[in-house]
Every structure is written in structure tokens, then in C-alpha cells.
Amino acid sequence: MLPAFLNPRKLQARIVAVYLVLLLLVQAASYWFIQHSIDRNARAAIHTELLTGEKVFLRLLNQNADNLNQPTRVLAADYGFRSAVTSGDQETILSALTNNAERVGASAAIFTDEKFKVRSSTLQSPDHFAAAVRRYAEQVVSAGSDLHQVEIIDGQPYQIVAVPVRAPAIIGWVGMGFPIGDKLLADMKSLSGLDVSLLLRQGNGQWRVSRATLEAAQWPLLANAWSRPSSNAAGMTLHLPQTEYSGHRVVLPGAPGQAPVTALLMRSVDQALQPYVELKWTLLLLSGVGVVVFGVGGYVTARRITTPLRVLSSSARRLERGDYAVAVKMSSQDEIGDLAQSFEAMRQAIQTREAEIRRLAYQDSLTDLPNREQFRHDLRQSIERSREEDVPCTILLLDMDRFKHVNDVLGHRFGDRLLRSVSERLRSEVLGERDILARMGGDEFALLLHNTDAKNAYPVAQRILQAFEKPLTLDEHTVDLSAGIGIASSPDHGMDADTLLSHAEVAMYAAKRQQAGTITYHPGLDSTSEESLTLLSELRHALDQQQLRLYLQPKISLHTGEVIGAEALVRWAHPTRGIVPPMRFIPFAEQTGFVCLLTAWVIEQAAIISRDLTDAGMPMKIAVNLSTRDLMDQDLPVKLEKLLTLYGVNPGLLMLEITESAIMDDPQRALQTLNRLHAMGLKLSIDDFGTGYSSLAYLKRLPVDELKIDKSFVMNMESDLQDAKIVRSTVDLAHNLGLTVVAEGVENAKSWKLLAGLSCDEAQGYLISKPMPAEQFEHWVRQWTPPDTTHEWLGTEFAAMI
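Remember, it's a predicted structure, so these values are computed and weren't measured experimentally. (Residues numbered from 1 in each chain as written. Predicted model: local features only at pLDDT ≥ 70, side-chain atom pairs only at ≥ 80, totals over all residues. Heavy atoms only, no water.)

1. Some points on helix α14 (residues 454-468)
At step 1: Helix length check: α14, at 15 residues, gives a terminal C-alpha distance of 21 Å against a target of 21 Å (1.5 Å per residue), a fit within 8%.
At step 2: Buried residues along α14 sit in contact with β12 (393-400), α13 (412-429), β14 (444-450), β17 (483-490) and β18 (518-520). (Helix = DSSP H or I, 4+ residues; strand = E, 2+ residues; numbered from the N terminus. Expected span 1.5 Å × (residues − 1). Contact = heavy atoms within 4.5 Å.)

If you want it as C-alpha cells, here you go:
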């Protein structure tokens, strides 16, 4: 049987194994990091040495050239030498060249005339050397100063020096050639400790080592490695057998058009790393000692842990059963004592977490406001306290407008940020010291006001609306805020929390429906809500029971006074309620989607009327209103095409009216549907223009044919100059876009005359006719006569607009 510390199933063995594995991993990582750092730093130091070596090598070359240039100048200036040149004494010239070359250590000396023709030379074949002297001399003349030039002569690198002989004009050139040989390279190695090699590129493109401080046997290997060196951040690397070198190339100045001589400075990487080998062995020894120490320590620690664990098992089972009341106690002061303290901390943490869970159940996580449940709890307490103290309490329930549209267009993340910003604004600008603000869910908030009745709560609601008048800007998006607010007070409107919330919600939806901003609950709102639900239920049977009626309101051309079309409107002939106007049932039909069936019925009836009028010799446009749900219906074009084909109606005689808000709910989808309808030949009109949120940039993209100016501008234009200017601007805008303009809400002859003067195309309103049953329309058209506006006086300001 294995000892406990060797049995892998025992906790004691696993603890020891974990200790050792972690230690080995840390030691291995440390060893790798140190090895990597040593290598990186050594290579960086080598790179610095190579850069310094380049400066030393070039300084040696320059000093050598300067040392050789001075004796050459002395010879060229020697009177006896110039006399020999002038007299043509070849023996004296050659003797002087030979003696001077031996004195300075030059292997080649030459004298040429001013045209660089060789007159005397220490070489048997001086042509290559003479050419090099000529190139050097021409560069000296061009540059105006001495040069340090290295040329390849007969396969070997030479330093070239050439000095003119003047009497006083230039009568020739003295040239000296000094081979760059082993002595210079040996001096370089003794000064810098670097190996130096001179490499020459041959005609076949291969490299050849001319001179080097390395052994001659390594020259071919060096030339081969030089043809494919590797590079890194620390410079160039060359691999020779059993040796790695870091190298640095120095291109020596040469003659134009000639392959330059390359001096390769090298430093052995292995030699640079040699001082660190002992450090590596020391680290390995320390790692071994650490493994032994950690193994023994892990064994002892494991023994101390496993022995008293049974003492804690009963405490663990108590916690498992959910018994958090009894504290976990142990007198041990070592690690087991710490474990016992951890158990105790866990018990306390679980208690805290359960308390946090209860808190989250009553707090909104997005805004950190109380949620609906907490608000109901606070409201119940407030109502109870109000009953005991005989004081009122009031709640304000608000629901934001167009929040769903913001969510759909800008995303739910933006919507969440908007809700947080709204909650912060309500906190900072509306919330009183004792008031309670809560988020009820979605975009709905509630405010509880203690010791406040409905009358005194109304100014608080107005402050909310005023706070919402300032737009919010998030991520360069500016959002206009608005809301509907319902007010309900206890005890006037209810004595329990649920009733009060229900009544506040009824008032809030009434405020949103009527766009009234704030409405205080009253019992009449309940009857209205019940009536609406009843009407919606009965509307589902109205189509089957043929209770709907089509009404038409004429449209007149302001240019000719003729009837050119009509708008189709729906009325509900309820068997007990009489004629129900559309505003009583259309909004609820839109909310439920039933409006699509109503629209289909109106379009079919309009198609029948259009066909009958055409057959009677009175073809004219019939306009039908489309709701947002109709516009989002991708099958609408197909349905219309079937109806038009069924009744044989010209598509150009059917005008579809769409409000700006319907388009802006989903602009891209709406544009797709409108383009398909336009392609079918149907006419399109923007209804209630001027009351929505569309931009002109978007408007010009819509395939519409007509704009209808909202009646709110038309009805007041004869008395309000600003409304008249808006109408004129709208007419001009529409005409510039190639659209016709219809003014609705024309109720007097003065408006007729003013619109005609502003070049408005068509008019619709009670001055012409109220909506009439469709079966009366044909007879009305035959009896129609335009109103006489010749005696209408517009006033100076309005007349000036025409």
C-alpha cells in the first residue's frame, strides 16, 4: 500500500504535487526569462561594440591615408623631382618613386603626365593602377579637396593617394597605392577585439574574402554565410560551423561605377555569452534545492490541513442545510484556523447575498430606482400613514413618448442610457426631499408625493414636462423628450395601492391619447376606457354586418374651380350609437392591427367609386389614408394590384395619403413600400405636412406627388401672418420639388382667395363641403359652383404676399 503522500487519490499527495508543479513552472519560466534577457542584452552589447568598431576602423583607414598622403605631397613638391620631370630624366624619376614607396610602405608608385599617360612606374603592368590614379585625381579636382578612396586592383583592395606635380601648372600626377592588408586588420582586432574581414563581390555575383583575421580555412565558409545572413533587432547574424557571429557591414568609399569593398566587423556570440554560463548552472542548482524544499514543505502543510478537516465537516453540513445562524468556530491559529474563518466569512457572505437578492427584487437594476413592487409597498405605507394622519398622498405616473421608436432606430443599449439619463434628470430637477421616484418598467416612471393632493401635484407634473423640454444629447444624438402624465390622489381616487395605480394609469393613457401632457383622474375616464373597449369589440363585427359607410370630401382646383377629386373617409353606422366618428375607433384599431382590415375595405370601396365616376364621365382622383401598420405591410402592393385589376381602375386615379410620422417610424421599410406603390402608377401624398419630424433631405427622396398642408396652418392663415408665411413657404417648397399642393381646412372665402393668390393647387374644407355619403357625391359634383371671392379684402400685409 502506497504512503499517503504518494497516493494520487489523497488530498495530501495532490497538495504536494501542486506545490511542485507550480514551483517547476515558475522556475522554468524564470530560467527562460533570464536566459532570454541574457541573450538579448549580450546581443545588444555586441551591436554597440560593432557600431563603435565601425568608427575605429574608419578612423584607422583615415589615419593611414593621411599618413601616406603627406610623403606623397613632399615628393611631388621636391625641387629635384620636378626638375627631373621637366628634363625627362626617367632614371631619376623611377629612383625617386621607388625610394619614396619603400619609405612609406607603398606597394605601387607611378608618375603620369597631366593627361594621365604613364611616364614612370614601379609596376611591370601599371595600366590598372594608372586608371585608378586617374579616377582619384579627377574626383580630387572635382571635389576641390583630398579624398580617402579604396579601389580593387588585381583582386586586392588598395588605398589610393594621388598628388599633382605643379610647375606652376599641373605637369603630372604622383600616385601611391597602399594595400589594405593583414597589419591593418590585426591592428583593428587588437584595438577593438573584433574580427574583421574584407569581402569583394566577383563578376558572377558571388562573394570572396580578400583578407580576414579569421583562419584562412574559414574564409569560404564566411563568404557562403555572408550570402544569406539573418537579421534581427540587434543586427546581423552569421552562422559558421560551431560558432555564431553578430556582424556589421561597413562599405568602404570607392570609385564610382566600381563594386565597393565591404568590411565585415564580427563578434562571436558564444564568447560574449561565456561569462553567463556559471550563472545558469547556479540557477539550475537553486531550482533543484527549491524543488526539495517545496516538496518537504508541501508534505508538512498537507498533513496539517488534512488532519483537522473532519472537524469542519459538521459545520459544512450545517451550512448545506441552510443553517446560517450558528457561527463557525475553531481555536486553531494556523491555516486550518484561516479555513475556519473562511467558512465563517462564507456564512456571512451568503447571508449578505440573500439580503442583496431581496434588495434586487425591489430595485430596478438599470436606474437604481425602486421598482414596481417596492413602489407598491411604499405606496401602501403612504396610504396607511395618510389615513392615520388624515392627509392626502398623490402619485404621478408618466410614460415617455416615442421611446419604442428610439429603441428601434438607435438600439436598446442607447435606450437604456436614455432611461438612466431621464431618471437622473427627474432626480435632480423634480424630486423633492421626501418624494419617491420609481421605474415601473419599460419607459414608465412613477412619483409618490407625501402630504400632497392632486391640485398641488399638478405643478410638479408641469415641472416634469418643463424638464423634458430640454433635449437630451447622447453620443451626438439629440433626443426630444415628452411624456403623458396621469395623476391620482388618495383618498379622493382610491384607498388602496392597486386602485390608485390603476386610476393613475387610466389618466396617463388619456393624457397620451389626447396629447394633453397631464390629466388628473376622474371617473369619466373609466367610462371612456370601457366604451373604447366595447367599441373595439363591436368593430370586429362591423365589417361582417356591413355597418361601415364610405364618405367623400371633395377637392377643388384653385386654378379652375373644378372638382378634381375627393378624400375617402370611413364612418361607422352603429345600430344603437348612430354614426360613430373615426376618431372614436380608428386609434384603437391602429393599436390592435385591425386598421389593416379597415384600410382594405376603404380602398375597395374607393376603387368601386372611382370606376363608377369614370363610367359616368367624371374621372377623378380618390384619396385614401394609410396608417403606419399599412405602410409596414410588405404585401400591401400585391393586395392593391389585385383590387385595381379586379375593378379595372386606372392606378393614376388612386391617391394614397401617408402622414410624416407613419413614414418616420421605419424610414427604410416605408421607402421600400412607397417605391413599389409608385412603380405601380399609384399617386402618393404626404398628409398633414408640417406637423411631423421628417427632414427635407429625406423628403426629397420620397416618390410622392403631392403635399397636403395641415389644416392647423390653413384655418388661421387669414388672421395670422406667420401661418400665412408657413403656407407660402410650403407651396414654394413643394413646387420646387415638382409636387402639387393641397390645403385642407379651407372654411371661408378669404382663405380660398389667399390660397389661390399663393398659387396653391387644390383646396379641401367645409367651405366647399363637409364629408358626404359616397352615393351623393356624383349629384353634388354636377351642382357645384365655386364661391365668389371678388369682394373679399385681404389686408395690406396679406395682399403683399401674393
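2. Quick look at the sheet that holds β12
At step 1: Pairing in this open sheet of 5 strands is mixed, and the strands run β13-β14-β12-β17-β18 from one edge to the other. The open sheet has two edge strands with one neighbour each: β13 (436-441) and β18. Shown here is a sheet whose adjacent strand axes are inclined to one another by a mean of 20°, direction ignored.
At step 2: By the bridge criterion, 5 bridges tie β13 to β14 in an arrangement that is antiparallel. Looking across to β14, one finds that A438 is bridged to A446. (Pairing = 2+ DSSP bridges. Axes fitted to C-alpha atoms, helices over the stretch in contact; angles between N-to-C directions.)

3. Section: the environment of T645
At step 1: On the secondary structure map, T645 appears in helix α20 (residues 636-647).
At step 2: For T645, a relative accessible area of 61% gives the class exposed.
At step 3: Along the chain, T645 and A607 lie 38 residues apart, while their C-alpha atoms are 10.0 Å from each other. (Buried < 20%, exposed > 50% of the residue type's maximum accessible area, 1.4 Å probe, protein only.)

4. Here's the deal with the environment of L636
At step 1: Positionally, L636 belongs in helix α20.
At step 2: A relative accessible area of 6% places L636 in the buried class.
At step 3: In sequence terms L636 and C596 are 40 residues apart; their C-alpha atoms lie 9.5 Å from each other.
At step 4: Look past the residues within four positions of L636 in its chain and what remains in contact with it is L626, D630 and L677.

5. Some remarks on the nonpolar core
At step 1: Counting residues in each nonpolar core, the largest one holds 80 residues, and the members touching the most others are L539, L552, L654, L656, L755 and F777.
At step 2: In terms of residues, this core owes the most to one element, helix α18 (residues 595-615), which gives 9 residues.
At step 3: Among residues more than four places away in sequence, those in contact with F777 are L552, P554, V563, G565, A566, L613, M620 and M772.
At step 4: Residues L396, L419, A457 and L481 belong to the second largest nonpolar core, which totals 31 residues. (Core = buried A, V, L, I, M, F, W, Y, C linked by side-chain atoms within 4.5 Å.)

6. Describing the layout of surface pockets
Space left empty within the atom packing is revealed by a probe, the size of a water molecule, rolled over the atoms.
At step 1: There is about 250 Å³ of room inside the second largest pocket.
At step 2: Around the second largest pocket, the lining comprises 15 residues; the ones closest to its centre are L548, R549, L550, W601 and Q605.
At step 3: Elements that contribute at least two residues to the lining of the second largest pocket include exactly β19 (548-557) and α18.
At step 4: Its residues placed into classes, the lining of the second largest pocket shows 10 nonpolar, 3 polar and 2 charged. (1 Å grid on protein atoms, 1.4 Å probe; cavity = no way out; pocket = protein on both sides within 12 Å on 5 of 7 lines; lining within 4 Å. Points joined across faces, edges and corners; volume = space filled by probe spheres on them. Nonpolar A, V, L, I, M, F, W, Y, C, P; charged D, E, K, R; others polar.)

7. Comments concerning unusual backbone geometry
At step 1: Here the residue pair S490 and P491 is connected by a cis peptide bond, since its omega of 15° sits within 30 degrees of zero.
At step 2: By the element assignment, P491 lies in the loop between β17 and α15 (497-514).
At step 3: At F116, a position not held by glycine, the phi torsion is positive, near 65°.
At step 4: With respect to the secondary-structure elements, F116 resides in the loop between β1 (108-113) and β2 (118-121).

8. Comments concerning the packing of aromatic side chains
At step 1: Applying the stated criterion to the full structure yields 5 aromatic pairs.
At step 2: On the numbers, 6.5 Å between centres and 40° between planes, the contact of W752 with W784 is tilted. In this pair, W752 is assigned in helix α26 (residues 749-757) and W784 in the loop between α27 (777-783) and α28 (796-801), connecting sequence segments 32 residues apart. For the pair W752 and W784, a shared accessibility class is recorded, and that class is buried.
At step 3: Taking NZ or CZ as reference, R571 lies 5.5 Å from the ring centre of Y551, over its face. (Phe/Tyr/Trp six-rings, centres within 6.5 Å; stacked < 30°, edge-to-face > 60°. Lys NZ or Arg CZ within 6 Å of the ring centre and 35° of its normal.)

9. Describing the pairing of strand β6 (residues 195-201)
At step 1: Within β6, 6 of the 7 residues are buried, which leaves it mostly tucked inside the rest of the structure.
At step 2: As defined by bridge partners, β6 adjoins strand β11 (residues 262-268) across 5 bridges and the pair is classed as antiparallel. Of the residues in β11, the one forming a bridge with V196 is L265.
At step 3: As defined by bridge partners, β6 adjoins strand β7 (residues 207-212) across 5 bridges and the pair is classed as antiparallel. By the bridge assignment for β7, L199 is matched with V209.
At step 4: Hairpin remark: β6 followed by β7, antiparallel, with 5 residues in the connecting loop; positive phi at G205, about 90°.

10. What about the sheet that holds β1?
By definition, the strands of a sheet pair up through backbone hydrogen bonds, in either a parallel or an antiparallel sense.
At step 1: Strand order in the open sheet made by the 5 strands is β2-β1-β5-β4-β3, with antiparallel pairing throughout. The two strands at the open ends of the sheet, each matched to only one other strand, are β2 and β3 (149-153). Pairwise comparison of adjacent strand axes, ignoring direction, gives a mean angle of 30° for this sheet.
At step 2: In terms of strand pairing, β3 meets strand β4 (residues 156-166) through 5 bridges, oriented antiparallel. Its bridge partner lying in β4, Q149 is registered against I160.

11. Considerations on the pairing of β12
At step 1: Burial within β12 is extensive, with 8 of its 8 residues counted as buried.
At step 2: Pairing of β12 with β14, which is carried by 7 bridges, proceeds in the antiparallel orientation. If you follow L397 over to β14, its bridge partner there is A446.
At step 3: As defined by bridge partners, β12 adjoins β17 across 8 bridges and the pair is classed as antiparallel. Counted as the bridge partner of T394 is S489 from β17.

12. Quick word on the pattern of salt bridges
At step 1: The full count for this structure, using the stated rule, is 23 salt bridges.
At step 2: One salt bridge in this structure joins E49 and R267, with 3.0 Å as the shortest N-O distance. One end of the pair, E49, is in helix α1 (residues 11-77); the other, R267, is in strand β11, with 218 residues separating them in the sequence.
At step 3: Across the pair E706 and K621 runs a salt bridge, and its minimum N-O distance is 4.0 Å. One end of the pair, E706, is in strand β25 (residues 706-709); the other, K621, is in strand β22 (residues 621-626), and 85 residues separate them in sequence.
At step 4: If you follow the salt bridges from partner to partner, you end up with K555, E567, K621, E657, E706, K708, E744 and E762 in one network. (Salt bridge = Lys/Arg side-chain N within 4 Å of Asp/Glu carboxyl O.)

13. As for the packing of α13 against α14
At step 1: Packing of α13 against α14 brings their axes to within 10 Å, and their N-to-C directions diverge by 130°. By the angle between their directions, the pair α13 and α14 is classed as oblique. As for how α13 packs across α14, the hand of that crossing is right-handed. Together, V422, R425, L426 and E429 of α13 and R463, I464, A467 and F468 of α14 make up the contact between the two elements.
At step 2: Taken together, the residues of the contact of α13 with α14 sort by class into 5 nonpolar, no polar and 3 charged. (Parallel < 35°, antiparallel > 145°, perpendicular 65-115°, else oblique. Left-handed = near helix turned anticlockwise from the far one by under 90°.)

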